[in-house]
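Working through the structure, step by step
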Amino acid sequence: MEATRARVWDRTGLDGRQALADSLPFAALLGMFAWCVILQPQALSIYGVSLLFSSSIPLVLATISQMFIITLGDIDLGTGYAVGLANVISARYLASSPLIAIGLFAATILGYMIAGALVELRRIPSIIVTLGTSFIWLGAALLILDIPGGTSPDWLAGIFNWAPSMIPVPFLYAAVIAAVASVILFRTTLGTVLRGAGSNPQAVARAGWSLLRIRMLAYGLAGLFGILAGLALTGITTSGDANASANYTLLAIASVILGGGDFAGGKAAPIGGVVGALAISLVGSLLALLNVSSDFQSAVQGIILIVVLAGRSLTRRFEA
Amino acid sequence: MRSIRARWAEPHKWLSLTREMLAARPWAWSFLAVAAVWLAIGLISGRGLPGTLESALDLAPFLVLVGLGQMFVITAGNGNIDLSVASLMTLAAYVSAGVMNAGHGSFVLGLLAGLACGVLVAAVNLTGILFLSIPPIVATLATGLIAQSAGLRYSSAYAALPDPRMANFAGGQIGGISVPALLCVGLAAIAVLVLRSTSYGRWLQAVGQNQRAAELSGINVALVLVVSYLASGMLAALAGMLLGAYVTPSLDLGNPYLIDSIAAVVIGGTLIAGGRPFAAGVWGGALFLILLVTLLNVMHINVAVQDMVKGVLIICVLALAGGGAGRSG
């Protein structure tokens, strides 16, 4: 009952608490950014903002990847290593033999689609399948590049080193990514059916849609955005490292949830997720500005996750 | 229905009979797989079979300990899973080694300090799950992150050396069999008894099968979860302490045990959706995973390929053995 009511409110947008939840990632981002500015006033400039958010784009893309899967009510524990795989593929092959790189990217997306098919056909929980795929991504990445190295093609590094004096480039890219994800999720048939399959798979199946195809496409999109995240990482770091993005799995989940996504599925918030990812990526910079040991970075991320989810479930409880 | 013995007399029915018996005993798959891998190692390496098993028995207890705890949590169903075990193992290894201070500190206090880490982590997990209604997967991931920071902090403050008393215990042998292995056989037997003959065990399975029905029949679901997560926390802490003494505490000490513990439990026949535990199967799953690594090593397979093979095998085993029964999600 309550769930239905909440969902109707979501759609009509009349619920004040929903507005509060929607503004949560923005509030988190603004609050943390303000804190950074207080500690380091120079952060309040185009250059400062660009620098502060310079490495956030891979996480933003990984968040969108995770979002496609969470919207279905599944979870992907392999995001971090998939990004790492794309990172090493692009660092090792993209400059010298782009065809091999593209072939390997296609294989990765295919792997994602097979994982989605297994979840649907064999009814194995996604958490188990993606634990398995995370091993496969990591192994493949180590096979391609067992020690960090490689290089970035100039055009890719150029995209991420572009620093015009008038525009904070990371925000521009984040806005483009949010727009693309919003269009996919809210303006295409696939997006609509995908969200429907997350909240009520039986209804979608009865309406004649193939859940198998939906799940495979959603996982394929997740693989695609994971690869884009790996490319962004290569462009920024100009090298490949199979393990560098291992913690993206959790950070992407945190960003999706901070942005307003729901583990129950059916609820996608691409703009919130992107803003949430920007906020989460500030944690490291903020701790550095505060002179707090980086040892505490993961604890702070964990605490943010707990606080956000606790806040959300408490508002829900009052609603009932 | 004719007796099984009568049907064994007809050889052409052996296959279907075997299948039937396996279906009734999902944990048997894991032991069959163990036997297959064990024989393959013997054939490929020419190593003696007892020696292979003995070295697997040295390593298995750490995984069995974490796995047994994970089994209690997974059996509670409804998405319950403990993803904090890896960081907890590392933390407990450092804290107990720090307190024991390489033989200069108190052994009992060190043991208690390590177990206290387990209780503390379980308490944070339970606070998130029970009071803040956070999905277990996120609550335990977040707690794991906090434990990871705590481990990092502790490791930079103290140089942790394995305690000789603990190392003696973790590496000790009685009649050629490792002491922790004997301990774990005992613990698995206790787990079987707990699941079969205590109220907690029956409540746990009822909660895992249908939480709403269990609640309506008066079962205290919160209490069941408290006991399960406490068991998982304390067993993982114990595994961390033993492993830290067996090797040397390091920051990634517990990392491989997160995925392996879940895999060992599920390969052992425990239903990932909850409600159907198999304590003996955890031993089968753990031995399978460890012998698999041995097999890949004797075949001189690259570590990176080993990861991939392991990933594919985990998915395949679960698709074959565990599929169809659980709910996706």
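Think of each chain on its own: its residues are numbered from 1, step by step along the sequence as written. Labels are handed out in written order, letters beginning with A for the chains and numbers beginning with 1 for the ligands. Totals for whole chains, interfaces and linings use all residues, but because this is a predicted model, local features are given only for residues with pLDDT of at least 70 and pairs of side-chain atoms are given and counted only at 80 or more.

Let's shift gears to the overall build of chain A. A run of DSSP states H or I qualifies as a helix once it reaches four residues; a run of E qualifies as a strand once it reaches two. Both are numbered from the N-terminal end. Across its full length, chain A holds 15 helices and zero strands. Both definitions apply: the radius of gyration is a C-alpha atom measure, and the globule rule equals 2.2 Å times residues to the power 0.38. Its C-alpha radius of gyration of 19 Å places chain A within 12% of the 20 Å reference for a compact globule of 320 residues. Across its three principal axes, chain A shows a C-alpha extent of roughly 50 × 45 × 35 Å. When burial is assessed residue by residue, chain A has 53% of its 320 residues classed as buried. With C-beta atoms placed from the backbone, a residue is labelled by how many other C-beta atoms lie within 10 Å of its own: buried for 20 or more, exposed for 12 or fewer, partly exposed between the two.

Each helix and strand counted, chain B has 15 helices and two strands in total. The C-alpha radius of gyration of chain B comes to 20 Å, within 12% of the 20 Å expected for a compact globule of 329 residues. Principal-axis analysis of the C-alpha atoms places the extent of chain B at approximately 70 × 60 × 35 Å. Every one of the 329 residues in chain B was classed for burial, and the buried ones make up 53%. Once C-beta atoms have been placed from the backbone, residue pairs whose C-beta atoms lie within 7 Å are recorded as contacts. Looking at chain B alone, contacts between residues at least 24 apart form 77% of all its contacts between residues at least 6 apart.

In this complex, chain B contributes 40 residues to the contact, which on the side of chain A involves 41 residues. Sorting the residues of the side of chain B that touches chain A by element identifies α7 (136-157), α13 (255-267) and α15 (303-322) of chain B as the ones contributing at least two each. Residues of the side of chain B that touches chain A, tallied by class, amount to 22 nonpolar, 14 polar and four charged. Put simply, Ala, Val, Leu, Ile, Met, Phe, Trp, Tyr, Cys and Pro go in the nonpolar bin, Asp, Glu, Lys and Arg in the charged bin, and everything else, Gly too, in the polar bin.

This brings us to helix α10 (residues 199-209) of chain B. Listing the buried residues of α10(B) in full gives B:G201, B:W203, B:L204, B:Q205, B:V207 and B:G208. Residues of α10(B) that are buried in the fold lie against α4 (49-75), α9 (179-197), α11 (211-216) and α12 (221-246) of chain B.

On to unusual backbone geometry, then. Backbone geometry at A:T238 places phi at a positive 50°, although glycine is not the residue there. Assignment of secondary structure puts A:T238 in the loop between α12 (211-237) and α13 (248-258). If you check the backbone angles, B:S133 has positive phi at about 55° while not being a glycine. Looking at the element boundaries, B:S133 is found in the loop between α6 (107-131) and α7. Here B:S133 falls in the partly exposed class, since 15 other C-beta atoms lie within 10 Å of it.

Looking now at the nonpolar core. Soluble globular proteins tend to bury their nonpolar side chains together. The biggest cluster of nonpolar side chains holds 217 residues, and the ones touching the most others in it are A:A141 and B:M89. Those residues in contact with A:A141 that sit more than four places away from it in its chain are A:Y81, A:G84, A:L85, A:V88 and A:A242. By definition, a nonpolar core groups buried Ala, Val, Leu, Ile, Met, Phe, Trp, Tyr and Cys residues that connect through C-beta atoms lying within 7 Å of each other.

Turning our attention to the packing of helix α5 (residues 79-94) of chain A against helix α6 (residues 98-122) of chain A. All names here are of chain A. Think of each axis as a best-fit line through the C-alpha atoms, taken over the contacting stretch in the case of a helix, with angles from 0 to 180 degrees between the N-to-C directions. Running from N to C, α5 and α6 point in directions that differ by 165°, and their axes come no closer than 8 Å. On the basis of the axis angle, α5 is roughly antiparallel to α6. For the crossing formed where α5 meets α6, the hand is right-handed. Of the residues in α6, those touching α5 at A82, L85, A86, I89, S90, Y93 and L94 are P98, I100, A101, L104, F105 and T108. Small angles under 35 degrees read as roughly parallel and large ones over 145 as roughly antiparallel, with 65 to 115 read as roughly perpendicular and the rest as oblique. Should the near helix be turned anticlockwise from the far one by less than a right angle, the crossing is left-handed, and should it be turned clockwise, the crossing is right-handed.

Here we come to the packing of helix α4 (residues 57-71) of chain A against helix α9 (residues 169-187) of chain A. Residues and elements named next belong to chain A. For the pair α4 and α9, interaxial distance at closest approach is 10 Å and the crossing angle is 10°. Considering their axes alone, α4 and α9 lie roughly parallel with respect to each other. Together, I57, V60, L61, I64 and M67 of α4 and P170, Y173, A174, I177 and A181 of α9 make up the contact between the two elements. Of the residues that constitute the contact of α4 with α9, the class distribution is 10 nonpolar, no polar and no charged.

This part takes up the confidence of the model for chain B. All names here are of chain B. A residue's pLDDT is the confidence the predictor assigns to it, expressed on a 0 to 100 scale. Summary statistics for chain B give a mean pLDDT of 86 and a share of 93% for residues scoring 70 or more. Highest mean pLDDT in chain B belongs to α12 (95); lowest belongs to helix α1 (residues 4-8) (66). Taken as a whole, residues 323-329 scores under 50 in pLDDT and shows 24 contacts with residues more than four places along the chain or in a different chain. The complex model carries a pTM of 0.84, and its ipTM stands at 0.79.

Let's shift gears to helix α7 (residues 126-144) of chain A. Multiplying one less than the number of residues by 1.5 Å gives the expected span of a helix. For α7(A), with 19 residues, the first-to-last C-alpha span of 26 Å sits near the 27 Å given by 1.5 Å per residue. Buried residues dominate α7(A), accounting for 18 of its 19 residues.

For B:G79, the location among the structural elements is in the loop between α4 and α5 (85-100). Once residues within four sequence positions are removed from consideration, B:G79 is found in contact with B:P135, B:P136 and B:I137.

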